[in-house]
Amino acid sequence: QVRLVESGGTSVQPGGSLTLSCAASGNTLDYYAIGWFRQAPGEKREGVACISNADDSTHYRNSVKGRFTVSRDNAKTTVYLHMTNLKPEDTAVYYCAVTDAGYGVRCLSMDGPFPSWGRGTQVTVSS
């Protein structure tokens, strides 16, 4: 079974930048995609960014397009989320997960299934 561990979350000021990491053990390529999801207090969990295992295509929710970039290392064992121009509304617990929701933009869907989740890392954007 794939095990995922997130790291890098911290408190930053609006307009700042931050990179999150997701270290994976096991074969993440057994699934359609790997991605980042977030949940703010009192809100539903939502898809943020994901990368397809079939063709390395990336997908982002509209509110983070142009600000966030998802990538992974050559061994495909670590996935990153590089965040820039952070806003208070980006405050949330960020989770890494493998997903079999489907091809393309479907990897952002919260319908799943999600064979594995990390435990999350807190990102707080405030002045």
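In the block above lies the structure referred to throughout.
Reference entry: report on the structure contained in this document. What you see as residue numbers is a count from 1 along each chain, following the sequence as written. The predicted nature of this model means local features are confined to residues of pLDDT at least 70 and side-chain atom pairs, given and counted, to a pLDDT of 80 or more, with totals for whole chains, interfaces and linings taken over all residues. Side-chain calculation: all heavy atoms of the structure are included, whereas hydrogens and water are not.

### A closer look at the pattern of salt bridges
- Only one rule defines a salt bridge in this text: a Lys or Arg side-chain nitrogen within 4 Å of an Asp or Glu carboxyl oxygen. Counted under the stated rule, the structure contains six salt bridges.
- Across the pair R38 and D90 runs a salt bridge, and its minimum N-O distance is 3.0 Å. Of this pair, R38 sits in strand β4 (residues 33-39) while D90 is found in the loop between β8 (78-83) and β9 (92-99), placing the two residues 52 residues apart along the sequence.
- With a relative accessible area of 5%, R38 lands in the buried category.
- Each of R38, E46, R61, R67 and D90 takes part in one network of salt bridges that share partners. Helix and strand definitions follow DSSP, with helices as H or I runs of at least four residues and strands as E runs of at least two, each counted in order from the N terminus. Exposed residues in this analysis have more than 50% of their type's maximum accessible area, buried residues have under 20%, and partly exposed residues fall in between, with area computed by a 1.4 Å probe over protein chains only.

### Quick look at the pairing of β8
- Strands pair, by our definition, only if DSSP identifies at least two bridges between them. Both strand β3 (residues 18-25) and β8 contribute to a ladder of six bridges, which runs antiparallel. Each residue of the ladder has a partner; that of L18, found in β8, is M83.
- As judged from the five bridges shared by strand β7 (residues 68-72) and β8, these two strands associate in the antiparallel manner. Its bridge partner lying in β8, S71 is registered against Y80.
- Hairpin remark: β7 followed by β8, antiparallel, with five residues in the connecting loop; positive phi at K76, about 60°.

### Focus: the side chain of H59
- Locating H59 in the fold gives a position in strand β6 (residues 58-60).
- N or O atoms closer than or at 3.5 Å make up a polar contact, with two conditions inside protein: a donor-capable atom paired with an acceptor-capable one, and, for residues adjacent in sequence, both atoms drawn from side chains. Side-chain polar atoms of H59 contact the side chain of S57, separated by 3.4 Å.
- If near-sequence neighbours (up to four positions away) are discounted, H59 is found in contact with V48, A49, C50, G104, V105, C107 and L108. Whether two residues are in contact is decided by their heavy atoms, any of which lying within 4.5 Å being enough.

### Topic: the sheet that holds β3
- Spatial strand order, β1-β3-β8-β7: four strands in an open sheet with antiparallel pairing. The sheet terminates laterally at β1 (3-7) and β7, the two strands that pair on one side only. Taking the axes of each pair of neighbouring strands and ignoring which way they run, one obtains an average angle of 15° across the sheet.
- The pairing of β1 with β3 spans five bridges and is classified as antiparallel. Each residue of the ladder has a partner; that of L4, found in β3, is A24. To define axes, lines are fitted to C-alpha atoms, for helices over the stretch in contact only, and angles between the resulting N-to-C directions are given on a 0 to 180 degree scale.

Note that every value here comes from positions in space, so none of it alone points to a role or purpose.
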